[in-house]
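Commentary on secondary and tertiary structure
Below are the chains, spelled out letter by letter.
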Amino acid sequence: MKKITIAIDGFSSTGKSTIAKHLAQVLNYIYVDTGAMYRAVTYFAMKNNLIGDGFFKVDELIAKLDEVELKFIYNPQVQLAEMYLNDENVEQQIRTLEVSNFVSNVSTISEVRKKLVEQQQKMGAEKGVVMDGRDIGTVVFPKAELKLFLNASADKRANRRFQELINKGDVVSYEEILENVKSRDYIDSNREDSPLVVASDAIEIDNSDMTKEEQFEKIYQIVQQKLQEN
Ligand code: DC
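To keep things clear, this report deals only with the structure shown in the data block. (Residues numbered from 1 in each chain as written. Predicted model: local features only at pLDDT ≥ 70, side-chain atom pairs only at ≥ 80, totals over all residues. Heavy atoms only, no water.)

On to the overall build of the protein, then. The number of helices and strands found in the protein is nine helices and 10 strands. A compact globule built from 230 residues should have a C-alpha radius of gyration of about 17 Å, and the protein, at 17 Å, falls within 12% of that. If you line up the protein on its principal axes, its C-alpha atoms span 50 × 40 × 35 Å. Burial statistics for the protein: of 230 residues in total, 48% are counted as buried. When contacts within the protein are restricted to residue pairs at least 6 apart in sequence, those whose partners lie at least 24 apart make up 71%. Of the roughly 11700 Å² of accessible surface on the protein, a fraction of 48% belongs to carbon and sulfur atoms. The average position of the 29 basic charges and that of the 37 acidic charges among the side chains of the protein differ by 3 Å. (Helix = DSSP H or I, 4+ residues; strand = E, 2+ residues; numbered from the N terminus. Rg over C-alpha atoms; globule rule 2.2 N^0.38 Å. Buried < 20%, exposed > 50% of the residue type's maximum accessible area, 1.4 Å probe, protein only. Contact = heavy atoms within 4.5 Å. Areas by Shrake-Rupley, 256 points an atom, 1.4 Å probe, with all protein chains shown as cover. Lys, Arg positive; Asp, Glu negative; His and termini not counted. Charge placed at Lys NZ, Arg CZ, Asp CG, Glu CD.)

As structure tokens, then:
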């Protein structure tokens, strides 16, 4: 069967990566978590003292972008590709609330976006890819055969994220997570370069009141239909 490109965009913590991973597994496609790439650049900026509370040395980050090498390497133990920054596995480090607090600002920088978008387009050049992010259906693969746009209420999303972080043992409050979700929504939707918008040909799904299984069922049916059409 001909392979297609599946673009999954949406607000933060809408479960894009869960659904994308599951689809890629079932279809035997490559999965690319583009948020992890923006998070890794953010982690790089934090480590190099280029971003922190009250400061962001944008020009210095841009000047250092050539020193950022990102790779996904498959870990058979967890059956997932993990994010490497300059040969260091940063999968854990990029999932902290601190990185979440700075990542939207780093993602507004056009030079950062250009570098990552080029890499993403190479990774998906052969199709057979499920990619999730904010601009996949609009900028990275505007010709993707299937575009999904996920949404859920800010409260539901903050709750899901809160549970995830608490389960990992992180010390966080629900209020700070909700604040982070809302502020990322705002920055991601209002930035000048590649803002988060629904592509005109995307299928929108609000999963506020769906279980993971219900959502997968619905999306899998849409995918099957697309595969038959192509
Ligand atoms: O999907 P995520 O929450 O891990 O993404 C983290 C941030 O990265 C998100 O707030 C905005 C940015 N991002 C982006 O601008 N474009 C993408 N394709 C993916 C993520």
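With that out of the way, let us pick up the pattern of salt bridges. By the definition in use, this model includes 17 salt bridges. Here R191 ties to D188 by a salt bridge, and the two come within 3.8 Å at their closest N and O atoms. A residue is classified by how much of its surface remains accessible, and R191, at 7% relative accessible area, is buried. (Salt bridge = Lys/Arg side-chain N within 4 Å of Asp/Glu carboxyl O.)

Our next topic: the sheet that holds strand β7 (residues 88–89). With respect to topology, three strands assemble into an open sheet ordered β5-β6-β7, the strand pairing being antiparallel. The sheet terminates laterally at β5 (70–75) and β7, the two strands that pair on one side only. As judged from the two bridges shared by strand β6 (residues 80–85) and β7, these two strands associate in the antiparallel manner. In the sheet register, L85 faces β7, and the bridge partner there is E88. (Pairing = 2+ DSSP bridges.)

Among the 15 residues in the neighbourhood of the ligand, the closest are listed as R39, R113, D135, R184 and R191. T34 has a polar side-chain atom sitting 3.0 Å from a nitrogen atom of the ligand. In this structure, R191 approaches the ligand through a side-chain N or O atom, which is 2.8 Å from an oxygen atom. The protein chains hide 95% of the 450 Å² of surface that the ligand would expose on its own. (Near = heavy atom within 4 Å. Polar contact = N/O pair within 3.5 Å; in protein donor to acceptor, adjacent residues only side chain to side chain.)

Turning next to helix α5 (residues 110–123). For α5, with 14 residues, the first-to-last C-alpha span of 20 Å sits near the 20 Å given by 1.5 Å per residue. V112, R113, L116, V117 and Q120 are the residues of α5 that are buried. Projected down its long axis, α5 carries its buried residues within an arc of 120°, all on one side. Structural note: α5 exposes K114 and K122 on the side pointing more than 90 degrees away from its buried face. Where α5 is buried, its residues touch α2 (34–47), α3 (58–64), β5, α4 (97–106), β8 (129–133) and α6 (136–140). (Expected span 1.5 Å × (residues − 1). Arc of directions from axis to C-beta.)

With that out of the way, let us pick up the sheet that holds strand β2 (residues 30–33). Strand order across the open sheet formed by five strands is β2-β8-β1-β9-β10, with parallel pairing between neighbours. Unpaired on one side and paired on the other, β2 and β10 (203–206) mark the two borders of the sheet. When the angles between neighbouring strand axes are averaged without regard to direction, this sheet yields 20°. Sheet topology note: the β2/β8 ladder contains four bridges and is parallel. (Axes fitted to C-alpha atoms, helices over the stretch in contact; angles between N-to-C directions.)

It is worth spelling out the side chain of T5 at this point. Looking at the secondary structure, you find T5 in strand β1 (residues 5–10). Ignoring any residue separated from it by four or fewer positions in sequence, one finds T5 in contact with K127, V129, F141, A144, E145 and L146.

A separate point is the packing of aromatic side chains. A complete count under the given rule lists three aromatic pairs for this structure. Ring geometry for F11 and F149: centres 6.0 Å apart, planes at 90°, overall edge-to-face. Taken together, the residues F11 in the loop between β1 and α1 (16–27) and F149 in strand β9 (residues 146–151) connect sequence positions 138 residues apart. Plain terms: the ring middles of F216 and Y220 are 5.5 Å apart, the flat faces sit at 15° to each other, and that makes the pair stacked. With F216 and Y220 both in helix α9 (residues 212–229) and four residues apart, the pair spans about one turn of that helix. Residue classification places F216 among the buried residues on the basis of a relative accessible area of 12%. (Phe/Tyr/Trp six-rings, centres within 6.5 Å; stacked < 30°, edge-to-face > 60°.)

Glancing now at empty space enclosed by the protein. Tallied over the full model, the rule gives one cavity of 30 Å³ or more. Elements that contribute at least two residues to the lining of the largest cavity include exactly α6 and β9. A per-element tally of the lining of the largest cavity places β9 first, with three residues. Considering only residue class, the lining of the largest cavity consists of five nonpolar, two polar and two charged. (1 Å grid on protein atoms, 1.4 Å probe; cavity = no way out; pocket = protein on both sides within 12 Å on 5 of 7 lines; lining within 4 Å. Points joined across faces, edges and corners; volume = space filled by probe spheres on them. Nonpolar A, V, L, I, M, F, W, Y, C, P; charged D, E, K, R; others polar.)

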